[in-house]
Amino acid sequence: VNFLLEKILETQTDNLAEYVINSIRCVAEYLEIKTEIVISSLLSKSNKLKGQDKVIEICKKLNATDYYNAIGGMDFYEFKKNGINLSFLKTNDICYEQFNNEFVSNLSIIDVMMFNSKDKIKEMLDDFILIKER
């Protein structure tokens, strides 16, 4: 994990978005996540749209038929009328040893990577419930 953090921290850019995108790509590569990462700001779309309307336009531009969102947005979205299936990811409780301290949840992926093997992290990533929009 140290080599990965060094690789991320040594990224030479003054652009925060580029730095974050590189960080995400580095972590995804380490965890062998093959999902294509698309930078929405590079898509030709209306920059006047916000929230749900912006996400729906991005889905349409990418010919997406499915959209997955964190569980927190469950009451805010209505995608069906736009021909997009909406599902919500609810992660199950994740707990692991953090030295000899009381567990602190919802920290960054870096914390997870510091205390868990790559295989254990992959198990954690697969430990969720998928809830379909009603």
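The structure presented is a predicted model; accordingly, all values stated were derived computationally and were not measured. (Residues numbered from 1 in each chain as written. Predicted model: local features only at pLDDT ≥ 70, side-chain atom pairs only at ≥ 80, totals over all residues. Heavy atoms only, no water.)

Moving on: the overall build of the protein. On a plain count of helices and strands, the protein comes out with 5 helices and 3 strands. Reading the protein from its N end, one meets helices and strands in the order α-α-α-β-β-α-α-β. With respect to the principal axes defined by its C-alpha atoms, the protein has extents near 50 × 40 × 25 Å. Expressed as a percentage of the 134 residues in the protein, the buried residues total 23%. Within the protein, counting contacts between residues at least 6 apart in sequence, those at least 24 apart form 43% of the total. For the protein, the exposed surface amounts to about 9,900 Å²; the carbon and sulfur share of it is 52%. If you average the places of the 17 positive and of the 21 negative side-chain charges in the protein, the two averages end up 10 Å apart. (Helix = DSSP H or I, 4+ residues; strand = E, 2+ residues; numbered from the N terminus. Buried < 20%, exposed > 50% of the residue type's maximum accessible area, 1.4 Å probe, protein only. Contact = heavy atoms within 4.5 Å. Areas by Shrake-Rupley, 256 points an atom, 1.4 Å probe, with all protein chains shown as cover. Lys, Arg positive; Asp, Glu negative; His and termini not counted. Charge placed at Lys NZ, Arg CZ, Asp CG, Glu CD.)

Counting residues in hydrophobic clusters, the biggest one holds 11 residues: L4, I8, C26, V27, Y30, L31, Y96, V112, M113, I121 and M124. Of all the secondary structure elements, the ones that give two or more residues to this core are α1 (2-9), α2 (16-30), α4 (109-115) and α5 (118-125). Those residues in contact with M124 that sit more than four places away from it in its chain are I94, Y96, V112 and N116. C59, F79, L86 and F88 belong to the second largest nonpolar core, which has 7 residues in total. (Core = buried A, V, L, I, M, F, W, Y, C linked by side-chain atoms within 4.5 Å.)

Side-chain pairs of opposite charge can arise whenever the charged atoms involved come near each other. What the rule picks out here adds up to 4 salt bridges. For K7, the salt bridge identified is with E29, shortest N-O distance 4.0 Å. In this pair, K7 is assigned in helix α1 and E29 in helix α2, connecting sequence segments 22 residues apart. For E32, the salt bridge is made with K122, and the minimal N-O distance between the two is 2.6 Å. Taken together, the residues E32 in the loop between α2 and α3 (51-61) and K122 in helix α5 connect sequence positions 90 residues apart. Under the relative-accessibility criterion, E32 is labelled partly exposed at 43%. The class of K122 is partly exposed, set by a relative accessible area of 24%. Several salt bridges share partner residues, and in doing so they unite E32, K118 and K122 into one network. (Salt bridge = Lys/Arg side-chain N within 4 Å of Asp/Glu carboxyl O.)

When the terminal C-alpha atoms of α2 are compared, their 21 Å separation across 15 residues agrees well with the 21 Å that a helix rising 1.5 Å per residue should span. Looking at the buried side of α2, the elements it contacts are α1, α4 and α5. The opening residue of α2, the one whose side-chain oxygen lies 2.9 Å from the backbone nitrogen of A17, is N15. (Expected span 1.5 Å × (residues − 1). Polar contact = N/O pair within 3.5 Å; in protein donor to acceptor, adjacent residues only side chain to side chain.)

All quantities given are derived from atomic positions and should not be read as evidence of function.
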